[in-house]
Amino acid sequence: MTTLLDQINLPADLRALDREDLPQVAGELRQFLLDSISTTGGHFASNLGAVELTIALHYVFNTPYDRIVWDVGHQSYPHKVLTGRRERMSTMRKQNGLAGFPKREESEYDTFGVGHSSTSIGAALGFAEAAKLQGEDRKAIAIIGDGSMTAGMAFEALNNAGDRDVDLLVILNDNEMSISPNVGALNNYLAKMLSGKFYNGFRNVSGRMLDKVPPLRELAKRSEEQLKGLFTPGLLFEEFGFNYIGPIDGHDIDTLVTTLSNIKKLSGPQFLHVVTKKGQGYKLAVADPVKYHAVTPFTPENGMTGKSGSSKPSFTQVFGDWLCDMAAKDERLVGITPAMREGSGLVKFAEQYPTRYFDVGIAEQHAVTFAGGMACEGVKPVVAIYSTFLQRAYDQLVHDVALQNLPVVFAIDRAGLVGADGPTHAGSFDYSFLRCIPNMAILAPGDENECRQMLYTAFLHDGPTAVRYPRGSGIGATVQEEMTALPWGKGEIRRKGSKVAILSFGTRLGAALHAGEALDATVANMRFVKPLDDALVAELAASHDLIVTVEDNAIMGGAGSAVLESLSAQGITVQTLLLGLPDSYVEHGEQNQLLADCGLDGAGVEAAIRKKLG
Ligand SMILES: Cc1ncc(C[n+]2csc(CCOP(=O)(O)OP(=O)(O)O)c2C)c(N)n1
Ligand SMILES: CC(=O)[C@@H](O)[C@H](O)COP(=O)(O)O
Ligand SMILES: [Mg+2]
């Protein structure tokens, strides 16, 4: 029964309801989300946790005139339902369907495109300053989770905003979780704020509103500071120049509406601390929010079975197993993750080697520099990181690691197209952005076994190395336990043919082999994007009429470009065809379908070569 929800197409409809009706709206919306996400899959626990907050925000603020900016955006499903997209929720993350994150093209209520974390405060400050310049009295509101708050970007924006006279509201949605339990000193600070020792129940926020009267506020602060040992909630944010309000119960819709209505009357930077539970309303998710962070379709009565459905190990698993095996062999090895323990395959390593496991929080830049520091001291860091998130740590890669030629292994997961998460999460650019960095080596396995052997090869190398592999599984190659170093900078011929030579980089090897069979072409598994096997390139160019490169990286500046540079440097002229990701963002959808749409499946590679041959 969704009698009230049925009346809401847009936030204006919600605002027409009586305040007393809102708890029922929340109940109906939560049930709708449970039904909908359990059918489509997608981000789950954070959405259930954000139901009341979302309703209260759209009820109190005049959206879309007032700007709501979500952080990460994986909690934006309730927002999508309330902003005219309820009917399309069944298309969530499917090709041509709704995106899993806010997207400006999708709705005027999606003020800022997002997917990577910790951008909301900066973007909302941008909205607030723009409003000031344009003489608009709209409000800008950033909603950021406790996990996302750990990133440098969030603090850079707080630092900037706290010194500005702008109508900016930052809402910290504190559920004491990142994807896995949140880490770090800020997390400890927030936990202390909520712990029974210092704080009993939620604060009387209407009292706190008086804080806006400067003399009272100063007086209160000074006397609080004088009471040594007394923990003052929010002092950190007050010192950052914000008026701290909270913590309040983020599932008590009445309190939320009252508090937000009061805050709306205030000017200057405001900070509201809201406490929620990940998975609220669905017992299994509350009990295991890690498992229910993102889900594949499941039946609500039984919950997630936890089975992947594939008998083949994913590349992530291959990496996780290798890391444990390598750690047993070499006690200098440490594993570093910027808050992606589960996704990066580090669960087993974290259990087996707790003192050598470092979750640094959502802090990719720091993760890379931290690894550099360790490498200087003879420790052997392996940074497990998604391709898309490594983008954020580019200067650290160049300046802190590669320039000093430090032996850090980057295990780059989610390279190429990732599927349902779409362009915010696609790892389409790593060959291009890594290739131009001196000292950097880039290895791209063609299958799972090669992935393990490459990780080993990279680990032995005395300099920065990247091994990049995609989301999911490959062809199902048997992974040999024994580790054997591969010849450095050398590719291999996988099939001998004539006229056409296909140079494959990474896991598009299967597609290249398919085309090779169909066209009787030579197929080389190049293995190294850098150092490139120039001798093999020259040999194949000399013995074939057409050189074709295949990769799941952007065609611009990728492995194909490396081959062109090599041919040019060697003074070789030959016909070429470069196949890779287009110079445009590939939207969300099913991973294999998207690859096929880009012409990177077997049929696509074959067709492109036939076309070139005329
Ligand atoms: C820059 C960046 N690094 C990592 C991630 C992966 N990621 C998505 S959600 C998430 C946890 C965020 O925690 P929090 O902000 O507290 O939101 P919650 O999941 O608790 O609702 C992480 C690590 C990301 N989206 N962006
Ligand atoms: C929102 C976010 O950034 C993560 O939750 C991401 O969606 C995880 O992707 P994987 O499912 O590929 O681990
Ligand atoms: Mg959280």
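Residues numbered from 1 in each chain as written. Chains lettered and ligands numbered in written order. Predicted model: local features only at pLDDT ≥ 70, side-chain atom pairs only at ≥ 80, totals over all residues. Heavy atoms only, no water.

Going by an unreviewed UniProt entry, the chain carries the name 1-deoxy-D-xylulose-5-phosphate synthase and comes from Silvimonas iriomotensis. According to UniProt, the comment filed for the chain under the heading Function (unreviewed entry) is "Catalyzes the acyloin condensation reaction between C atoms 2 and 3 of pyruvate and glyceraldehyde 3-phosphate to yield 1-deoxy-D-xylulose-5-phosphate (DXP)." Looking at the Subunit (unreviewed entry) heading of the UniProt record, one finds this comment for the chain: "Homodimer." (UniProt positions renumbered as here; feature names shortened; annotations may be inferred.)

## Brief notes about the site of ligand 2
Around ligand 2, a shell composed of H43, V72, H74, F101, I179, H293, Y386, F389, R414, D421, H425 and R471 is seen. When isolated, ligand 2 has an accessible area of 360 Å², and the protein chains bury 86% of it. (Near = heavy atom within 4 Å. Areas by Shrake-Rupley, 256 points an atom, 1.4 Å probe, with all protein chains shown as cover.)

## Describing the confidence of the model for the chain
For the chain, the mean per-residue pLDDT works out to 94, and 93% of the residues sit at or above 70. Counted against residues more than four places away or in other chains, residues 210–216, with its pLDDT under 50, gives 10 contacts. Here residues 224–229 is modelled with pLDDT under 50, and outside its nearest four sequence neighbours on either side it reaches five contacts, counting other chains as well. The ipTM for the predicted assembly is 0.99, set against a pTM of 0.95. (pLDDT = per-residue confidence, 0-100. Contact = heavy atoms within 4.5 Å.)

## Structural notes on the coordination of the magnesium ion (ligand 3)
Four donors placed tetrahedrally around a metal ideally meet at 109.5 degrees, and six donors placed octahedrally ideally meet at 90 or 180 degrees. In this structure, D146 (OD), N175 (OD1) and M177 (O) serve as the protein donors to the magnesium ion (ligand 3), at separations of 2.0 to 2.1 Å. In the primary sequence, the donor residues of the magnesium ion (ligand 3) line up as D-x28-N-x1-M. Residue classification places M177 among the buried positions, given a relative accessible area of 14%. (Donors = N, O, S within 2.8 Å, 3.2 Å for Na, K, Ca; no water. Buried < 20%, exposed > 50% of the residue type's maximum accessible area, 1.4 Å probe, protein only.)

## Points about the side chain of S118
Summarising the element assignment, S118 is placed in the loop between α5 (77–85) and α6 (120–134). A distance of 2.7 Å separates the side chain of S118 from the backbone oxygen of S148, its partner in a polar contact. Beyond its immediate chain neighbours, meaning those up to four positions away, S118 contacts D71, I144, S148, A151, M153, A154, I362 and R392. (Helix = DSSP H or I, 4+ residues; strand = E, 2+ residues; numbered from the N terminus. Polar contact = N/O pair within 3.5 Å; in protein donor to acceptor, adjacent residues only side chain to side chain.)

## Description of unusual backbone geometry
Geometrically, the link from G246 to P247 is a cis peptide bond, its omega value of -5° lying close to zero. For the bond running from K530 to P531, omega is -5°, close enough to zero to count as cis. When you line up the elements, P531 lands in the loop between β17 (528–530) and α22 (534–543). Unusually for a residue other than glycine, V72 sits at a positive phi of about 65°. In this structure, V72 sits in the loop between β2 (67–70) and α5. Overall, the relative accessible area of 12% leaves V72 in the buried class. Phi at A339 takes a positive value of approximately 70°, unusual for a residue other than glycine. The topology assignment puts A339 in the loop between β8 (333–337) and α15 (347–352). Judged by relative accessible area, A339 falls into the buried class, the value being 5%.

## A short note on the sheet that holds strand β14 (residues 492–495)
Read from one edge of the open sheet, five strands run β14-β16-β15-β18-β19, paired in mixed fashion. Sheet topology places β14 and β19 (575–581) at the edges, where each strand pairs with a single neighbour. Averaged over all pairs of adjacent strands, the angle between strand axes in this sheet comes to 25°, irrespective of strand direction. Bridge count for strand β15 (residues 500–504) against strand β18 (residues 546–554) is five bridges, and the pairing is parallel. Counted as the bridge partner of V500 is L546 from β18. (Pairing = 2+ DSSP bridges. Axes fitted to C-alpha atoms, helices over the stretch in contact; angles between N-to-C directions.)

## Considering the nonpolar core
Core analysis: the largest hydrophobic core is formed by 51 residues, its most contacted members being F44, I55, L57 and I171. When residues in this core are grouped by element, the largest group, eight residues, is from helix α2 (residues 22–40). Dropping the residues within four chain positions of it, L57 is found in contact with I68, W70, I141, I143, I171 and L260. Formed by 49 residues, the second largest nonpolar core is a distinct cluster that contains L390, M440, A466 and M526. (Core = buried A, V, L, I, M, F, W, Y, C linked by side-chain atoms within 4.5 Å.)

## Focus on the UniProt feature "domain: Transketolase-like pyrimidine-binding" (unreviewed entry) in the chain
According to UniProt, the "domain: Transketolase-like pyrimidine-binding" (unreviewed entry) feature falls on residues 313–477. Its end C-alpha atoms 9 Å apart, residues 313–477 is made of 40% helix and 19% strand.

## Overview of the pattern of salt bridges
For the structure on display, the rule yields 25 salt bridges. Here D325 and R452 are joined by a salt bridge, their closest N and O atoms 3.0 Å apart. Within this pair, whereas D325 is found in helix α14 (residues 315–329), its partner R452 is found in helix α20 (residues 448–460), the two being separated by 127 residues in sequence. Relative accessible area serves as the criterion here: at 29%, D325 is assigned to the partly exposed category. (Salt bridge = Lys/Arg side-chain N within 4 Å of Asp/Glu carboxyl O.)

## Some thoughts on the UniProt feature "binding site: Mg(2+)" (unreviewed entry) in the chain
The residues that UniProt annotates with the feature "binding site: Mg(2+)" (unreviewed entry) are D146 and N175. Across 30 residues in sequence, these annotated residues keep their C-alpha atoms within 6.8 Å of one another, forming a single compact spot. Here D146 lies in the loop between β3 (140–145) and α7 (152–161). Along the chain, N175 turns up in the loop between β4 (168–174) and α8 (185–194).

## Remarks on the site of ligand 1
The immediate surroundings of ligand 1 are formed by 22 residues, with S46, G147, S148, K278 and E364 found nearest. Note that an oxygen atom of ligand 1 is positioned 2.9 Å from one of the side-chain N or O atoms of H74. Here M177 contributes a backbone N or O atom positioned 2.9 Å from an oxygen atom of ligand 1. Protein chains shield 96% of the accessible area of ligand 1, which is 580 Å² for the free molecule. Split by residue class, the shell around ligand 1 holds seven nonpolar, 11 polar and four charged. (Nonpolar A, V, L, I, M, F, W, Y, C, P; charged D, E, K, R; others polar.)

## With respect to the environment of R508
Considering the arrangement of structural elements, one finds R508 in the loop between β15 and α21 (509–519). Distance in space between the C-alpha atoms of R508 and H116 is 26 Å, their sequence separation being 392 residues. With near-sequence residues (within four places) excluded, R508 lies in contact with V550, E551, D552, L595, L600 and D601. Polar side-chain contacts of R508 include one of 2.8 Å to the backbone oxygen of L600.

## Re the packing of helix α4 (residues 51–60) against α5
The geometry of α4 relative to α5 is characterised by a closest axis approach of 9 Å and an angle of 40° between their N-to-C directions. Comparing their axes, α5 and α4 come out oblique. Seen from above, α4 lies across α5 with right-handed handedness. Residues V51, T54, I55 and H58 of α4 touch α5, and the partners they reach there are P78, H79, L82 and T83. Tallied by class, the residues present in the contact of α4 with α5 amount to four nonpolar, four polar and no charged. (Parallel < 35°, antiparallel > 145°, perpendicular 65-115°, else oblique. Left-handed = near helix turned anticlockwise from the far one by under 90°.)

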